[in-house]
Amino acid sequence: MEFLDRYQQIVADAITKYTFKDKPAELYDPMNYIISHGGKRLRPIMVLMACDLFGGDLKQAIKPALAIEFFHNFTLIHDDIMDEAPLRRNKPTIHTLHGINVGILSGDGLMLKAYKFFEDLEPEIFKACIRIFTHTGLLLCEGQQYDINFETQEDVTYDDYIRMITYKTGVLSASSFEIGALIAKANFKDAKAIFNFGKHIGIAFQIMDDYLDVFGDQAQFGKKHAGDIYENKKTVLYLLAREHATEEERKELDHWYSKKTDNIDKVYGVEKIFRRTKVDEKALRLIEKHNEIGQSYLEKINIPEEKKKPFIELANYLLRRES
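Because the structure is a prediction, the values reported are computed rather than measured. (Residues numbered from 1 in each chain as written. Predicted model: local features only at pLDDT ≥ 70, side-chain atom pairs only at ≥ 80, totals over all residues. Heavy atoms only, no water.)

Concerning the overall build of the protein chain
Quick reminder of the rule: Starting at the N terminus, helices and strands are each numbered in turn, a helix being any DSSP run of H or I of at least four residues and a strand any DSSP run of E of at least two. When we talk radius of gyration, it's over C-alpha atoms, and the globule rule is simply 2.2 Å times the number of residues to the 0.38. Categorising residues by exposure relies on relative accessible area from a 1.4 Å probe, with only protein chains included: less than 20% of the type maximum marks a residue as buried, more than 50% marks it as exposed, and the intermediate range marks it as partly exposed. Residues are treated as being in contact if the distance between any of their heavy atoms lies within 4.5 Å. Residue-level accessible areas treat just the shown protein chains as cover; the underlying method is Shrake-Rupley with a 1.4 Å probe. Under the convention used here, Asp and Glu are negative, Lys and Arg are positive, and both His and the chain ends fall outside the count. Charge coordinates come from a single atom per side chain, which is NZ of Lys, CZ of Arg, CG of Asp or CD of Glu.
Of regular secondary structure, the protein chain possesses 16 helices and two strands. Over its C-alpha atoms the protein chain spans a radius of gyration of 20 Å, differing by no more than 12% from the 20 Å that the globule rule assigns to 323 residues. When burial is assessed residue by residue, the protein chain has 55% of its 323 residues classed as buried. By sequence separation, contacts in the protein chain at least 24 residues apart represent 74% of the contacts at least 6 residues apart. Taken as a whole, the protein chain presents about 15,200 Å² of accessible surface, with 52% of it coming from carbon and sulfur. Across the protein chain, the 45 positively charged side chains and the 51 negatively charged ones have centroids separated by 3 Å.

What to know about the side chain of Asp-79
Selection criterion: What makes a salt bridge here is a side-chain nitrogen of Lys or Arg within 4 Å of a carboxyl oxygen of Asp or Glu, nothing more.
Summarising the element assignment, Asp-79 is placed in helix 4 (residues 58–83). For the buried Asp-79, no salt bridge is present, and the opposite-charge side chain at shortest range is Lys-168, 4.2 Å distant. When residues no more than four places from it in sequence are discounted, the contact partners of Asp-79 are Arg-88, Gln-144 and Lys-168.

Remarks on the pattern of salt bridges
Evaluation of the coordinates by the stated rule reveals 21 salt bridges. A salt bridge links Arg-6 to Asp-52, with the shortest nitrogen-to-oxygen separation between them at 3.2 Å. Taken as a pair, Arg-6 in helix 1 (residues 2–17) and Asp-52 in helix 3 (residues 42–53) lie far apart in primary sequence, 46 residues in all. Given the relative accessible area of 23%, Asp-52 is considered partly exposed.

Regarding the packing of aromatic side chains
Note the threshold: Any pair of Phe, Tyr and Trp rings, taking the six-membered ring for Trp, is counted once the centres come within 6.5 Å. Such a pair is stacked with planes under 30 degrees apart, edge-to-face with planes over 60 apart, and tilted for the rest. In this analysis the charged atom, NZ for Lys or CZ for Arg, is taken to sit over a ring once it is within 6 Å of the ring centre and within 35 degrees of the ring normal.
On inspection of all chains with the given rule, the structure shows 17 aromatic pairs. Grouped by ring-pair contacts, the aromatic residues Tyr-18, Phe-20, Tyr-28, Phe-70 and Phe-117 constitute a single cluster. The ring centre of Tyr-7 lies 4.6 Å from the NZ or CZ of Arg-6, which sits over that ring. Across the ring face of Tyr-146, the terminal group of Arg-163 is positioned such that the distance to the ring centre comes to 4.1 Å.

Focus: the layout of surface pockets
Quick reminder of the rule: Buriedness for pockets is judged along seven lines, at least five of which must meet protein on both sides within 12 Å for an open set on the 1 Å grid over protein atoms alone, while cavities are sets there where a 1.4 Å probe fits but cannot get out, and lining residues have an atom within 4 Å of a point. Grid points are joined across faces, edges and corners, and a volume is the space filled by probe spheres set on the points. Three classes are used: nonpolar for Ala, Val, Leu, Ile, Met, Phe, Trp, Tyr, Cys and Pro, charged for Asp, Glu, Lys and Arg, and polar for all others, with Gly counted as polar.
Each pocket or cavity is described by its volume, and for the second largest pocket that value is around 210 Å³. Taken together, 13 residues line the second largest pocket, and the ones lying closest to its centre are Gln-153, Glu-154, Lys-234, Tyr-257 and Ser-258. In terms of residue class, the lining of the second largest pocket is made up of two nonpolar, four polar and seven charged.

With respect to the nonpolar core
Heads up, the rule is: We call a set of buried residues a nonpolar core when its members are Ala, Val, Leu, Ile, Met, Phe, Trp, Tyr or Cys and they connect through side-chain atoms within 4.5 Å of each other.
If you look at the biggest cluster of nonpolar residues, it comprises 102 residues, and the most contacted ones within it are Phe-54, Leu-110, Ile-179, Ile-194, Ile-207, Phe-274 and Leu-314. A per-element tally of this core places helix 9 (residues 188–215) first, with 14 residues. Those residues in contact with Ile-207, other than ones at most four positions away along the chain, are Tyr-161, Ile-165, Val-236, Ala-283, Leu-286, Ile-287 and His-290.

This is a description of form; function is not addressed.
Here's what the structure looks like:
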């Protein structure tokens, strides 16, 4: 996908241009460390894509796109601390290298830098973007807290799970598209349609993330295999397994999810139930469902189909990650 390469290059060049040179280095070097790892940089690309779709000036969108990338990486640093994760993108996490205190501070620093990168927008667009950005941040915190609650909460429902991943993952993708649309001065209806497209693609992406945690190739995925099982995360795989398990299997799931342990027998036992109940196939069907809902919102935008093609390609690309 040439269009993705082009946007990735724009984002990479901007990250190089705006590398943090502030002091103390002990604070800013870890911030540069996580930003420089790259990953796919999808969320800033979403800002640029939406700005392009509605005929906006990409130059005005570059710093807000970086703001989204800074914010996203702030959440990853703190997420890794909470999950005690040793790796991120196949590299040691910041708190593993520098300790929890530096991890917290460098995450906070990235979040505050993100706000500064909206300052060049004209006043009305600045206000609208900051309102969306702040609301998104609060929803993300709520989603993270729900995720933590679920580890000890017994009666997690599928709707609870969808709300949690919508807040934790879906709204950041959605808001990235909406902010790009607003910078391009798109109308309210179109901005909301691209928001909803992003929300459902984000939900599908998180379900795929849950799927890959167990059924993906660890070397390509860049995370500890079955980390969600170790952490007692009530993911879509767990919920589908409970729904389709026998009474005996439900008791076994309850047993394993009542304790946090690195016991390999736990992973083996839970994975066996996951495979028996075919949650992999069921999760992939849910991914496809949310992809279709997302694309139905894209169809509502009154813009030539040719201009929408990159969005369809991006969605299909995101949901074909290595497994």
